[in-house]
Amino acid sequence: APALRLLGVERHYKEGAGRLSILTGANLAIHPGEIVALVAPSGAGKSTVLHLAGLLERPDGGDVEIGGRLAGSLGDAERTAIRRLQIGFVYQFHHLLPEFSALENVMMPQLIRGLDRKEAARRAEELLAYMKLEARVMHRPSELSGGEQQRVAIARAVANAPRLLLADEPTGNLDPKTSHYVFDALDALVRASGLAALIVTHNMELAERMDRRITLQAGKIVEF
Ligand code: ADP
Ligand code: ADP
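Residues numbered from 1 in each chain as written. Chains lettered and ligands numbered in written order. Predicted model: local features only at pLDDT ≥ 70, side-chain atom pairs only at ≥ 80, totals over all residues. Heavy atoms only, no water.

## A short note on the overall build of the protein
Definition in use: Only runs of H or I of at least four residues qualify as helices and only runs of E of at least two qualify as strands under DSSP, and these elements are numbered from the N terminus. Within these notes, the globule rule equals 2.2 Å times the number of residues to the 0.38 power, and the radius of gyration is based on C-alpha atoms. Burial classes follow relative accessibility: with a 1.4 Å probe on protein chains only, a residue under 20% of its type's maximum area counts as buried, one over 50% as exposed, and anything between as partly exposed. The contact definition used throughout considers only heavy atoms, calling two residues in contact when any of these lie within 4.5 Å. Charge assignment: positive for Lys and Arg, negative for Asp and Glu; neither His nor the chain ends contribute. The atom standing in for a charge is NZ when the residue is Lys, CZ when it is Arg, CG when it is Asp and CD when it is Glu.
Broken down by element type, the protein carries seven helices and 10 strands. Relative to a compact globule of 224 residues, whose C-alpha radius of gyration would be 17 Å, the protein shows 17 Å and is just as compact. Classification of the 224 residues of the protein by burial places 50% in the buried group. Considering only residue pairs separated by 6 or more positions, the protein has 70% of its internal contacts joining residues 24 or more positions apart. If you average the places of the 27 positive and of the 27 negative side-chain charges in the protein, the two averages end up 3 Å apart.

## Structural notes on the packing of helix H3 (residues 102–112) against helix H5 (residues 146–157)
Worth spelling out the cut-off: Under this scheme, a helix contributes an axis fitted over its contacting stretch, all axes are lines through C-alpha atoms, and angles between N-to-C directions fall in the 0 to 180 degree range. Here is the rule for angles: anything less than 35 degrees is roughly parallel, anything more than 145 is roughly antiparallel, 65 through 115 is roughly perpendicular, and the remaining ranges are oblique. Put simply, a crossing is left-handed when the front helix is turned counterclockwise from the back one by less than a right angle, and right-handed when it is turned clockwise. When residues are grouped by polarity, Ala, Val, Leu, Ile, Met, Phe, Trp, Tyr, Cys and Pro land in nonpolar, Asp, Glu, Lys and Arg in charged, and all others, Gly among them, in polar.
Where H3 meets H5, the axes come as close as 8 Å, and the angle between the chain directions of the two elements is 25 degrees. Taken together, the axes of H3 and H5 lie roughly parallel to each other. H3 and H5 meet at a crossing whose hand is right-handed. Facing H3, whose interface residues are Ala102, Asn105, Val106 and Pro109, H5 presents Val152, Ala155 and Arg156. Class assignment of the residues belonging to the contact of H3 with H5 gives a composition of five nonpolar, one polar and one charged.

## As for the site of ligand 1
Note the threshold: Each residue is tested against the molecule or strand, and it is near if at least one of its non-hydrogen atoms lies within 4 Å. N or O atoms closer than or at 3.5 Å make up a polar contact, with two conditions inside protein: a donor-capable atom paired with an acceptor-capable one, and, for residues adjacent in sequence, both atoms drawn from side chains. Only the protein chains shown count as cover for residues, with accessible areas throughout obtained via the Shrake-Rupley method and a probe of 1.4 Å.
Close contacts around ligand 1 come from Tyr13, Leu20, Ile22, Pro41, Ser42, Gly43, Ala44, Gly45, Lys46, Ser47 and Thr48, and that covers them all. At 3.3 Å from an oxygen atom of ligand 1 is found a main-chain nitrogen or oxygen belonging to Ala44. Taking Ser47, its side chain carries an N or O atom lying 2.8 Å from an oxygen atom of ligand 1. In isolation ligand 1 exposes 560 Å². Once the protein is present, 57% of that is buried. Of all the elements in the fold, those that place two or more residues in the shell around ligand 1 are strand E2 (18–30) and helix H1 (46–53). Its residues placed into classes, the shell around ligand 1 shows five nonpolar, five polar and one charged.

## Re empty space enclosed by the protein
How we decide: Lining residues are those with an atom within 4 Å of a point, where the points come from a 1 Å grid over the protein atoms alone and group into cavities, where a 1.4 Å probe fits but cannot get out, or pockets, open sets with protein on both sides within 12 Å along at least five of seven lines. Grid points are joined across faces, edges and corners, and a volume is the space filled by probe spheres set on the points.
The tally for this structure, following the rule as stated, stands at one cavity of 30 Å³ or more. Its boundaries defined by the atoms lining it, the largest cavity holds a volume of some 50 Å³. Around the largest cavity sit Ile154, Pro170, Thr171, Val182, Phe183, Leu186, Ile199, Leu206 and Met210, which together line it. Ranked by residue count, the leading element in the lining of the largest cavity is helix H6 (residues 176–193), at three residues.

## Some points on H6
Using the following cut-off: Expected helix span is computed as 1.5 Å times (number of residues minus one).
For H6, spanning 18 residues, the distance from its first C-alpha to its last is 26 Å, which sits close to the expected 26 Å at 1.5 Å a residue. For H6, the complete set of buried residues consists of Ser179, His180, Val182, Phe183, Ala185, Leu186, Asp187, Leu189 and Val190. Those residues of H6 that are buried are in contact with strand E3 (35–38), helix H4 (117–130), H5, strand E7 (164–168), strand E8 (196–200) and helix H7 (204–209). Between the side-chain oxygen at the start of H6 and the backbone nitrogen of Lys177 there is a gap of 3.1 Å, and the oxygen is on Asp175.

## Re the packing of aromatic side chains
Defined as follows: Centres within 6.5 Å are what make two rings of Phe, Tyr or Trp a pair, Trp counting through its six-membered ring; a difference in plane orientation under 30 degrees is then read as stacked, over 60 as edge-to-face, and the rest as tilted.
Enumeration according to the criterion identifies one aromatic pair in this entry. Where Phe89 meets Tyr91, the ring centres are 6.4 Å apart and the plane angle is 5 degrees; that geometry is what we call stacked. Owing to a relative accessible area of 35%, Tyr91 belongs among the partly exposed residues under this scheme.

## Thoughts on the side chain of Arg151
Quick reminder of the rule: Salt-bridge detection follows one rule: a side-chain nitrogen of Lys or Arg within 4 Å of a carboxyl oxygen of Asp or Glu.
Along the chain, Arg151 turns up in helix H5. At 4.5 Å, Glu148 is the nearest oppositely charged side chain to Arg151, a buried residue that forms no salt bridge. Not counting chain neighbours up to four residues away, the residues in contact with Arg151 comprise Met131, Lys132, Leu133, Tyr181, Val182 and Ala185.

## Comments concerning the UniProt feature "domain: ABC transporter" (unreviewed entry) in the protein
The condition that has to hold: UniProt positions are given in the numbering used here, feature names are shortened, and annotations may be inferred rather than shown by experiment.
UniProt records the feature "domain: ABC transporter" (unreviewed entry) at residues 4–224, using the numbering of this structure. Helix makes up 36% of residues 4–224 and strand makes up 28%, while its end C-alpha atoms are separated by 19 Å.

## Observations concerning the site of ligand 2
Ligand 2 sits among His51, Leu56, Thr80, Arg83, Arg84, Phe89 and Tyr91. Between ligand 2 and the protein, one listed contact pairs an oxygen atom with a side-chain N or O atom of Arg83 at 2.6 Å. Within the complex, the protein chains bury 49% of what would otherwise be the 530 Å² of accessible surface of ligand 2. A total of three residues in the shell around ligand 2 trace back to one element, the largest contributor, which is helix H2 (residues 76–86).

See below:
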């Protein structure tokens, strides 16, 4: 099954007396091991798509399917469980906990899930090594470069082995060379784990390196 499907998704916002239609029957399928770039101008609805795909919002029509399971009929508790176990999030700004080391930041989602400390540390070390951060595990976020911080944030996002990674401009505040380096690490991780990724980016060079590129046009998702 696809990791993510949007099925005729609609999203409308109130705007004064009228309404603003952002999605009017949007369809999308992302399969395991696939990295898809979402490129669109500001205000087009990129965050809306990520919030719907991440089960943070409910559509006004249509449905969202994660790993073959339709989310529309599920209650909030089940949606939260799917979000925590099957979806990883990465943002433009890393949101790492400043008082904790890189290792502890990556362990955190696993500890919250109830995993044993040793097991969590082992997996965190493995992920940080994958991100080429083995020499940085004990550093706090403030002691890391921007690119390193984002690589820690990616490791944390996949710590619970989600099937879907949703990223909102993960390299948006990095220089072009660092952006490519961070993407290399993400790409290697996706290829190794069979994760599916939907990545919002304004960087066309990065988008060209992904498997597919989509944008929003008149409320629909189209490839370009
Ligand atoms: P993007 O991420 O592409 O910049 P968004 O998904 O954030 O776009 O927003 C798309 C449009 O929907 C924008 O015009 C925005 O102002 C509007 N919008 C987003 N969220 C809300 C909301 N909760 N209420 C009203 N309008 C909203
Ligand atoms: P937790 O309480 O463990 O953070 P949640 O289900 O509230 O679990 O959130 C899971 C993930 O969803 C969080 O790690 C966060 O990255 C993302 N998230 C939650 N709420 C929002 C939000 N309002 N906007 C963007 N991302 C969010």
